[in-house]
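One letter stands for each residue in the lines below.
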Amino acid sequence: MLKPILLVEDNPHDLELTLIALAKSQLANEVIIARDGAEALDYLLCREQYTAREVGNPAVVLLDLKLPKIDGLEVLKEIRHTLGLRSIPVVMLTSSKEEQDLLRSYELGVNAYVVKPVDFEEFVRAIADLGIFWAVLNEPPPGSHRYVRPQ
C-alpha cells in the first residue's frame, strides 16, 4: 500500500501548481490536502474529521510556512514532539527566503527547506523532484511501506 503525501498549503494558486507538478511526476501516491496548520495536525493526529481515516503516517509532509490558524513552524514543532509522528519526513515548501525562517525550521528538525521557484517550469520540476525523492527514492523508517516505481 502506498503512503499518501500530505500537502499543507493555503494559497489556491500554489496548491493547484503543486498538484499539477506532482501529477506530472507520475507518482501513484494519494495527495491529502490540508489548507491550514490546524487541519494538518487533525489529519496527523486522527482528530476531528479524520478520526475514521486509515491509520498510518504519510510518506512526506510538504508544509507551507505561512499558514492560517497554526503556522508551519508550530506544525513542525508538534510533529517533532509527538512520538508517533517524529519520523515523518517534513519538507518546508515556502516562498520565504528569510534567514530566520530557514534557521528556525532546521532547529525544529525539518528534513529540507525549499523556496518555491517563481518560474512555472522550475516550480513543476522542483515539486516533481521532491515527490520522487521522498515518495520513491528515500528509504523510509522501519515498518513503513515503500513505493517501487515500475520500470
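Given the structure is predicted, the values throughout are model-derived calculations rather than measurements.

Turning our attention to the packing of aromatic side chains. Applying the stated criterion to the full structure yields 1 aromatic pair. On the numbers, 5.2 Å between centres and 85° between planes, the contact of Y43 with Y50 is edge-to-face. Relative accessible area serves as the criterion here: at 6%, Y43 is assigned to the buried category. A cation over an aromatic ring shows up here: R53 above the ring of Y43, its NZ or CZ 4.0 Å from the ring centre.

Generally speaking, nonpolar side chains in soluble globular proteins are found buried as a group. The biggest cluster of nonpolar side chains holds 24 residues, and the ones touching the most others in it are L6, V8, L44, V61, L63 and M92. For L44, the residues in contact, after removing those within four places along its chain, are L6, R53, P58, V61, I79, L85 and I88.

Glancing now at the pairing of strand β2 (residues 31–34). Burial along β2 is one-sided: the residues I32 and A34 are buried and none of V31 and I33 is. This β-α-β element, strand β1 (residues 5–8) to helix α1 (residues 12–24) to β2, shows right-handed connectivity.

Scoring rules and cut-offs
- Residues numbered from 1 in each chain as written.
- Predicted model: local features only at pLDDT ≥ 70, side-chain atom pairs only at ≥ 80, totals over all residues.
- Heavy atoms only, no water.
- Phe/Tyr/Trp six-rings, centres within 6.5 Å; stacked < 30°, edge-to-face > 60°.
- Buried < 20%, exposed > 50% of the residue type's maximum accessible area, 1.4 Å probe, protein only.
- Lys NZ or Arg CZ within 6 Å of the ring centre and 35° of its normal.
- Core = buried A, V, L, I, M, F, W, Y, C linked by side-chain atoms within 4.5 Å.
- Contact = heavy atoms within 4.5 Å.
- Helix = DSSP H or I, 4+ residues; strand = E, 2+ residues; numbered from the N terminus.
- Right-handed = clockwise from strand over helix to strand, strands pointing away.

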